[in-house]
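# Notes for the structure review
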Amino acid sequence: MSKNSRRSSKILAAALAASLAFGSVGYAAPLSNENGKSSHSQDQKIIARVNAERAIEHVRYLSEEIGTRPGGLENEKKSAEYIANTLKSYGYDVEFQYFPVADQFIGSASFEDETVWEMGAAPNGAISDTPVHAEVIFVENEDFQGAEGKIVLLARADSTAGYREQVAKAVEAGAAGVILQSLVGSRGNYGQTFNPNLTAEYDIPVFGASYIHGEWLKEQMEKGAVELSLTAKHYKDLKSVNVIATKEAKSKDEDTKEVILGAHHDSVVGAPGANDNASGVGLMLELARVYKGYNTDKTLKFIAFGSEERGLLGARYYVDQLTETQKDQIEAVFVPDMVATNYAKATNLYAMTPDGSQNIVTSSTGEAGARLGNSDILPGKFGSSDHVPFHNAGIPAALFIWMGIDSWDPLVYHIEKVYHTPQDTIEDNISAERMQSALDIIGSGLFDVVRKKTQGNN
Ligand code: BES
Ligand code: ZN
């Protein structure tokens, strides 16, 4: 990333911010057609119908009814099934696209009341269905006295070498199992679950818990003895899945362009992923419901990508399967990922490209915001989501995400602290207002791109 590109993205961001601050003059104008009002009446077709509560009902199903959705596992398949059934119920044709993903090592910590917490398991620890049942103790300052026969909870050391040593000491003291509590994450968010990377082989389970799992355990232990049952599973030969629904253009020829609205439906291990990214899927499904009622000049695809959290795998696979001609047909890719957080410091909905450049996705939504008098939307520069593989293939794409940005150079930003943790729930992390704003802006911007053959031609 050159200094120059950083600077230009900053200038662009400032320019758009200014144009939004001064109202729609100069920003909406190039897009409005002869009668001026019609852009707005097209927007009304969308904003009068899209409903945040409906979108959040999808978030509820995915994050509560299904729960965590790690790429390649059973719950990700349930999620795909739910998304496909919903899209079919709106009248769309739906396909599944499967692709292979690497093994997962998952740990389960079960309480007496049958609550189960999902964690990462060390491949080099015991992998067994037979539960290790014991009392949990929190070991501080490497004082392993009394660890024999107990499940040892440890605040993990900073480095891999450091926590390997902690595990070795716990094993030496005769621990029945080890739970390493994650550190507070690098993005200022709480630490997420992880797979402890050990060199030695151990015959006890060794789990990587999220930071909040550790805090919750300590809270419970203050009230009385806590017993857990640990089991660990190695999942192999995994397949993850993209769900693809198509709305054909009203009349199609070889020049017909295609627009994609795509959101990942998987979550990280241990996180119900309400905002990351049941919110993006909920937005996509709600827009799919509303768009069904309208003809478009372009083909519109709704895609739920699998295994984004494992390295943007679903979007990568999708792009890799396209021919050059198919890539050329794609005019725009809209990627909602974390579109409904209630985190107060995430003040704006950013349309992010990996290099900070503007494209049809950022401009159409910026213009929609201006027409609607909604100043939430701003352009920005960020990777880390499914827009990246499209961008790398030369296809205009942008990520939509609520963030607060203090400075671009160096980048200082705010996202919710509960991101990637067990607290990414509707209760702790979803705002209906933010969802509605994202639906209005993305819904109107995308509709403007897809409904007509060329810009400014109604
Ligand atoms: N929704 C996030 C992306 C994100 C997080 C963007 C925070 C901006 C701020 C996404 O689901 C994610 O976690 N992406 C991974 C990508 C990686 C696996 C290639 C990430 O950023 O760690
Ligand atoms: Zn994520």
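What counts, and where the lines are drawn
Residues numbered from 1 in each chain as written. Chains lettered and ligands numbered in written order. Predicted model: local features only at pLDDT ≥ 70, side-chain atom pairs only at ≥ 80, totals over all residues. Heavy atoms only, no water. Helix = DSSP H or I, 4+ residues; strand = E, 2+ residues; numbered from the N terminus. Contact = heavy atoms within 4.5 Å. Polar contact = N/O pair within 3.5 Å; in protein donor to acceptor, adjacent residues only side chain to side chain. Near = heavy atom within 4 Å. Areas by Shrake-Rupley, 256 points an atom, 1.4 Å probe, with all protein chains shown as cover. Core = buried A, V, L, I, M, F, W, Y, C linked by side-chain atoms within 4.5 Å. Buried < 20%, exposed > 50% of the residue type's maximum accessible area, 1.4 Å probe, protein only. Domains from an automatic or database assignment. Buried area = accessible area lost by both parts, 1.4 Å probe. Salt bridge = Lys/Arg side-chain N within 4 Å of Asp/Glu carboxyl O. Pairing = 2+ DSSP bridges. Right-handed = clockwise from strand over helix to strand, strands pointing away.

Below, the discussion takes up the side chain of serine 182. Among the structural elements, serine 182 can be located in the loop between β6 (177–181) and β7 (206–209). Filtering out sequence-adjacent residues up to four positions away, serine 182 remains in contact with Arg156, Gly191, Gln192, Phe194, Ala209, Ser210 and Tyr211.

Relative to the assigned elements, asparagine 275 resides in helix α7 (residues 274–291). In the structure, asparagine 275 is positioned 64 residues away from valine 339 in sequence and 6.7 Å away in space, judged by C-alpha atoms. Excluding residues within four positions of it along the chain, asparagine 275 makes contact with Met338, Val339, Ala340, Thr341, Glu416, Asp424, Asn429 and Ile430. A distance of 2.7 Å separates a polar atom in the side chain of asparagine 275 from a polar atom in the side chain of glutamate 416.

On to the site of ligand 1, then. In the region of ligand 1, 16 residues are neighbours, and Glu308, Glu309, Asp337, Met338 and His420 sit closest. Between ligand 1 and the protein, one listed contact pairs an oxygen atom with a side-chain N or O atom of arginine 187 at 3.0 Å. Separating a nitrogen atom of ligand 1 from a side-chain N or O atom of aspartate 337 is a distance of 2.9 Å. For ligand 1, whose free accessible area comes to 510 Å², the fraction covered by protein is 83%.

Our focus in this paragraph is the nonpolar core. Phe302, Phe334 and Met435 are the most contacted members of the largest nonpolar core, which has 61 residues in total. Residue contributions to this core peak at ten residues, all from α7. Sequence-distant contacts of phenylalanine 302, that is, excluding residues within four places in its chain, are made with Leu87, Tyr92, Val243, Ile244, Ala245, Lys247, Leu261, Met284, Ala288 and Tyr291. Core analysis: the next-biggest nonpolar cluster, separate from the first, contains 19 residues, Trp117, Val136, Ile179 and Val226 among them.

Right, let's get into the domain arrangement of the protein chain. Split into domains, the protein chain comes out as domain 1 (4–102 + 237–450) and domain 2 (104–234). Domain 1 puts 22 residues into the contact, and the matching count from domain 2 is 16 residues. Interface of domain 1 and domain 2: buried area, both sides summed, is about 1,500 Å²; carbon and sulfur atoms make up 54% of it. Along the contact surface separating domain 1 from domain 2 lie zero salt bridges. Applying the counting criterion to the domain 1 and domain 2 interface returns nine residue pairs in polar contact (both at pLDDT 80 or more).

Glancing now at the pairing of β6. Burial of β6 is extensive: five of the five residues sit out of reach of the surface. Alternating residues of β6 divide into Gly177, Ile179 and Gln181 and Val178 and Leu180, and every residue in both groups is buried. Summarising the sheet, strand β5 (residues 151–155) and β6 pair through five bridges and their orientation is parallel. Looking at the pairing, leucine 154 lines up with leucine 180 of β6. Where the polypeptide runs from β5 across helix α5 (residues 160–172) and back to β6, its parallel neighbour, the crossover connection is right-handed. In the sheet, β6 pairs with β7 via four bridges, with the strands oriented parallel. By the bridge assignment, glutamine 181 is partnered in β7 with alanine 209.

So, about the pattern of salt bridges. Per the counting criterion, the structure on display carries 14 salt bridges. Here lysine 298 makes a salt bridge to glutamate 331, at a shortest N to O gap of 2.7 Å. Of this pair, lysine 298 sits in the loop between α7 and β11 (299–305) while glutamate 331 sits in strand β12 (residues 330–336), and the two are 33 residues apart along the sequence. Between aspartate 448 and lysine 452 there is a salt bridge, and its shortest N-O distance comes to 3.4 Å. Taking the relative accessible area as the measure of exposure, lysine 452 reaches 2% and is therefore buried. Residues participating in the shared-partner salt-bridge network are Glu57, Arg60 and Glu65.

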